[in-house]
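Now for the letters of each chain:
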Amino acid sequence: MAVAATFPGLARMLALSRRHLVSPLLSTPSNRFYRGDSPTDSQKDMIEIPLPPWQERTDESIETKRARLLYESRKRGMLENCILLSLFAKEYLHHMTEKQLNLYDRLINEPSNDWDIYYWATEAKPAPEIFENEVMALLRDFAKNKNKEQRLRAPDLEYLFEKPH
């Protein structure tokens, strides 16, 4: 009753919506919508943010590189990659050679879009030639989850303190 006295317009809309079982917010047409990846989208409204080019870090020790890549595998821009890459890093990073670590570093840090990495790993889209290497093959095989492991979250941090097998 107090609402009706204070906001008579709102009370009238609620009464109408109850009578017609329609939300007052849905009864007015909206011009806002998600258009997605439409083939007719010119993408002229997209803003490209320039990122510094990826550079291989030659001044860090292999232990520092492993620790950095372990961290960077956990802290991604999207949950799917956080889970996929952190579990992959837990499984393979300690066994990788310096060359493989450099390939993995480039893979997770050069592309500006985490979705690209996810699509390449799951083979939803082909990877650029520069990323087609032994590490990508390992990641793709890992993403197939042939053992049907439950991968719902990133691993606990305790593995960071374990000795590599």
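Residues numbered from 1 in each chain as written. Predicted model: local features only at pLDDT ≥ 70, side-chain atom pairs only at ≥ 80, totals over all residues. Heavy atoms only, no water.

The protein is annotated in an unreviewed UniProt entry as Succinate dehydrogenase assembly factor 2, mitochondrial from Vulpes vulpes. Recorded in UniProt for the protein, the comment headed Sequence similarities (unreviewed entry) runs: "Belongs to the SDHAF2 family." (UniProt positions renumbered as here; feature names shortened; annotations may be inferred.)

Asks: Tell me about the packing of aromatic side chains, and please be specific about residues and values.
Replies: Any pair of aromatic rings gets described here by the distance separating the centres and the angle formed by the planes. Using the criterion set out here, one finds eight aromatic pairs in the structure. Ring centres of Phe88 and Tyr104 lie 5.5 Å apart, and the angle between their planes is 40°; on these two criteria the pair is classed as tilted. Placement of Phe88 in helix α4 (residues 79–92) and of Tyr104 in helix α5 (residues 98–109) is noted, with a sequence separation of 16 residues between them. This pair shows no difference in class: Phe88 is buried, exactly as Tyr104 is. (Phe/Tyr/Trp six-rings, centres within 6.5 Å; stacked < 30°, edge-to-face > 60°. Helix = DSSP H or I, 4+ residues; strand = E, 2+ residues; numbered from the N terminus. Buried < 20%, exposed > 50% of the residue type's maximum accessible area, 1.4 Å probe, protein only.)

Asks: Account for the environment of Tyr92, naming residues and giving values.
Replies: Positionally, Tyr92 belongs in helix α4. It is 8.7 Å that separates the C-alpha atoms of Tyr92 and Leu138, two residues lying 46 residues apart in sequence. If near-sequence neighbours (up to four positions away) are discounted, Tyr92 is found in contact with Leu138 and Phe142. (Contact = heavy atoms within 4.5 Å.)

Asks: Describe the confidence of the model for the protein, listing the residues and the values that go with them.
Replies: Averaged over every residue, the pLDDT of the protein is 76; residues scoring 70 or more account for 67%. Within the protein, the element-level pLDDT minimum falls on helix α2 (residues 8–20), averaging 50, and the maximum on helix α7 (residues 134–143), averaging 95. A low-confidence stretch, residues 16–35 stays under pLDDT 50, and its non-local contacts, those more than four residues away or across chains, total seven contacts. (pLDDT = per-residue confidence, 0-100.)

Asks: Hey, could you go over helix α3 (residues 62–74) for me, with residue numbers and the actual values?
Replies: Across its 13 residues, α3 extends 19 Å between first and last C-alpha, which sits within 8% of the 18 Å expected from 1.5 Å per residue. Every buried residue belonging to α3 is among Lys65, Arg66, Arg68, Leu69, Leu70, Glu72, Ser73 and Arg74, and all of these are buried. Where α3 is buried, its residues touch α4 and α5. (Expected span 1.5 Å × (residues − 1).)

Asks: Help me get a handle on the pattern of salt bridges, residues and values and all.
Replies: When their charged atoms lie close together, side chains carrying opposite charge are able to pair. Tallying each qualifying case throughout the model produces 10 salt bridges. Residues Arg106 and Glu110 are paired through a salt bridge, measuring 2.4 Å at the closest nitrogen-oxygen approach. Between Glu132 and Arg140 there is a salt bridge, and its shortest N-O distance comes to 2.9 Å. Using a relative accessible area of 34% as the deciding quantity, one classes Glu132 as partly exposed. By sharing partners, the salt bridges in this structure join Glu60, Lys65, Arg68, Glu72 and Asp105 into a single network. (Salt bridge = Lys/Arg side-chain N within 4 Å of Asp/Glu carboxyl O.)

Asks: Summarise the side chain of Asn102; cite the residues concerned and give the values.
Replies: Looking at the element boundaries, Asn102 is found in helix α5. With relative accessibility at 16%, the residue Asn102 sits in the buried group. When residues no more than four places from it in sequence are discounted, the contact partners of Asn102 are Trp54, Glu56 and Lys65.

Asks: Lay out the packing of α3 against α4 with the relevant residues and their values.
Replies: Where α3 meets α4, the closest approach of the two axes is 7 Å, and the angle between their N-to-C directions is 150°. Taken together, α3 and α4 sit at an angle that is classed as roughly antiparallel. Facing Leu70, Ser73 and Arg74 of α3, the residues of α4 in contact are Asn81, Cys82, Leu85, Ser86, Ala89 and Lys90. Looking at the contact of α3 with α4 residue by residue, the classes come out as four nonpolar, three polar and two charged. (Axes fitted to C-alpha atoms, helices over the stretch in contact; angles between N-to-C directions. Parallel < 35°, antiparallel > 145°, perpendicular 65-115°, else oblique. Nonpolar A, V, L, I, M, F, W, Y, C, P; charged D, E, K, R; others polar.)

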